[in-house]
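# Structural characterization, general
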Amino acid sequence: MTQLSDTQALILSAAAQRPERIALPLPESLRGGAAAKVVGAMIAKGLLQEVDADLRKGEPLWRETGDGHGTTLVATDAGLVAIGIEPEEPHTAPVGTTDAPTEGPAPETPAEPDAAPKARTLREGTKQATLISMLRAPDGATIEEIMAATGWQSHTVRGAMAGALKKKLGLEVTSEKVEGRGRVYRLA
C-alpha cells in the first residue's frame, strides 16, 4: 500500500467527497512552494492528475497553461485506493485530460435516476477496514485507540468517520462518554 503523509491523505479524503473528485482547494496550511512540492509528488505517484479546468462550471484552477486555459487537480482511482476507498467503477477522465484517449466517440451510459447506488467493496487489511472493525467491536473505540492502530492523526480519524464512513459508505457512527475511557465511538 502507498505510504501517504497526513497532508496527502487529507487532500485525497477531501477530493473523494467532492464532485468529479476535484482536489482543490488544498488545505489552508499548504501554500506556494510547499503546495507545488506535495502536488508534484502526488502526480508522480499517480494519486492525482491534472486535467483541463472547465471555468464555465466554476472548477477551481491549479495552474494556468499560458494559452488562456488552465488545469485543475483530480484524484485518481489509485488515489482513492491509497486512502482505503475502493472506487465504485473505473473513473473515466473528464474531457480535456492530458492522458485520455482522443480517438473515437465516448461510450454512452444510460441515465438511471432511480437506480440504487452501487455498494462499495471494502478491502481487507486497509486502515479503513481496521477503523470499521474497531468501531463494530462491542466496546467501540476511542480516537486515541484508533490513532494507535492506524497511525493516523486525530483529525484524520475524525475525517474518515465523517467522510468515508458516514458520507461515502452510509454508516452511522455514534458516540458516548464512558467513564474511565472518554468518548467512545461505535457503528450503530
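Residues numbered from 1 in each chain as written. Predicted model: local features only at pLDDT ≥ 70, side-chain atom pairs only at ≥ 80, totals over all residues. Heavy atoms only, no water.

## Observations regarding the pairing of strand β3 (residues 70-75)
Counting buried residues along β3, six of its six residues qualify, which places the element largely inside the surrounding structure. Burial along β3 is two-sided: Gly70, Thr72 and Val74 and Thr71, Leu73 and Ala75, pointing in opposite directions, are all buried. Of the strand pairs in this sheet, strand β1 (residues 48-52) and β3 are connected by five bridges, and their pairing is antiparallel. For Val51, the partnering residue across the bridge sits in β3 and is Thr72. (Buried < 20%, exposed > 50% of the residue type's maximum accessible area, 1.4 Å probe, protein only. Helix = DSSP H or I, 4+ residues; strand = E, 2+ residues; numbered from the N terminus. Pairing = 2+ DSSP bridges.)

## A short note on helix α4 (residues 127-136)
Here α4 has its buried residues at Gln128, Ala129, Leu131, Ile132, Met134 and Leu135. Summarising the contacts, the buried residues of α4 are in contact with α5 (143-150), α6 (154-168) and β5 (182-187). (Contact = heavy atoms within 4.5 Å.)

## Focus on the layout of surface pockets
Here the second largest pocket is characterised by a volume of approximately 380 Å³. Lining the second largest pocket we find 24 residues, and of these Ala9, Ala82, Ile83, Lys127 and Trp152 sit closest to its centre. Breaking the lining of the second largest pocket down by element, the ones donating at least two residues are α1 (6-16), α4 and α6. Here the element with the most residues in the lining of the second largest pocket is α6; it accounts for six residues. By residue class, the composition of the lining of the second largest pocket is ten nonpolar, eleven polar and three charged. (1 Å grid on protein atoms, 1.4 Å probe; cavity = no way out; pocket = protein on both sides within 12 Å on 5 of 7 lines; lining within 4 Å. Points joined across faces, edges and corners; volume = space filled by probe spheres on them. Nonpolar A, V, L, I, M, F, W, Y, C, P; charged D, E, K, R; others polar.)

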